[in-house]
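The lines below spell out each chain.
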Amino acid sequence: MPDEVRKLAGVPVLVCDPDGPLVATEQDALDLIGAAFLGAQVVAVPANRLPEGFFSLGTRFAGDVMQKFVNYRLRLAVIGDISERLARSPALRALVHESNRADHVWFLPDLDALDARLRAAA
């Protein structure tokens, strides 16, 4: 399945293909942002498309990517089970907790949870 824009809770979401390439650089993130400008307000990236460095906060890659989405006024939803990573990293747990309390970056288990979150935010 290619990346595609779908409506979830009436909001256009760029749903990224789980089998697509890794989002391994800031340029890869900017490419997703550019694709979202074709009509999406949210980019849903499967967690498996993010390299381990994204979840290792010492690399600062997650912060750089998240800031790019905020700067371009797009929401980012990381979709998938990251429970093993959360169990290993108190810093990542704190980041996910704080992000999920805010409105720009969310870590959610699946697209149904994203749909519910968008409905609640409306």
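Residues numbered from 1 in each chain as written. Predicted model: local features only at pLDDT ≥ 70, side-chain atom pairs only at ≥ 80, totals over all residues. Heavy atoms only, no water.

Asks: Which residues make up the pairing of strand β4 (residues 75–79), and what values do they have?
Replies: β4 sits mainly inside the fold: five of its five residues count as buried. Of the two faces of β4, the one holding R75, A77 and I79 and the one holding L76 and V78 are both buried throughout. Of the pairings in the sheet, the one linking strand β3 (residues 42–46) to β4 comprises five bridges and is parallel in character. Bridging across to β4, A44 finds its partner in A77. (Buried < 20%, exposed > 50% of the residue type's maximum accessible area, 1.4 Å probe, protein only. Helix = DSSP H or I, 4+ residues; strand = E, 2+ residues; numbered from the N terminus. Pairing = 2+ DSSP bridges.)

Asks: Requested: an account of helix α3 (residues 61–71), with residues and values cited.
Replies: Every buried residue of α3 is accounted for by F61, A62, V65, M66 and F69. The buried residues of α3 occupy an angular sector of 125 degrees when projected down its axis, which confines them to one face. Downstream of α3 by one or two residues, R73 has phi in the positive range, about 55 degrees. (Arc of directions from axis to C-beta.)

Asks: How would you sum up the packing of aromatic side chains? Please name residues and give values.
Replies: Summed over all chains, the structure comprises three aromatic pairs. Where F54 meets F55, the ring centres are 5.1 Å apart and the plane angle is 75 degrees; that geometry is what we call edge-to-face. Note on F54: relative accessible area 1%, which makes it buried. Residue F55 is classed as buried on the basis of its relative accessible area of 5%. Between F54 and F61 the ring centres are 6.1 Å apart and the planes differ by 85 degrees, which places this aromatic pair in the edge-to-face class. Note on accessibility: F54 and F61 belong to one class, buried. (Phe/Tyr/Trp six-rings, centres within 6.5 Å; stacked < 30°, edge-to-face > 60°.)

Asks: Describe the pattern of salt bridges, listing the residues and the values that go with them.
Replies: Enumeration according to the criterion identifies eight salt bridges in this entry. For E52, the salt bridge is made with R85, and the minimal N-O distance between the two is 2.7 Å. Remark: R85 occurs in helix α4 (residues 83–88) and E52 occurs in helix α2 (residues 52–55); sequence separation between them is 33 residues. Of the charged contacts, one joins D115 and R119 as a salt bridge, the two residues approaching to 3.0 Å between their closest N and O atoms. Note that D115 and R119 are positioned in helix α6 (residues 111–121) at a spacing of four residues, about one turn of the helix. (Salt bridge = Lys/Arg side-chain N within 4 Å of Asp/Glu carboxyl O.)

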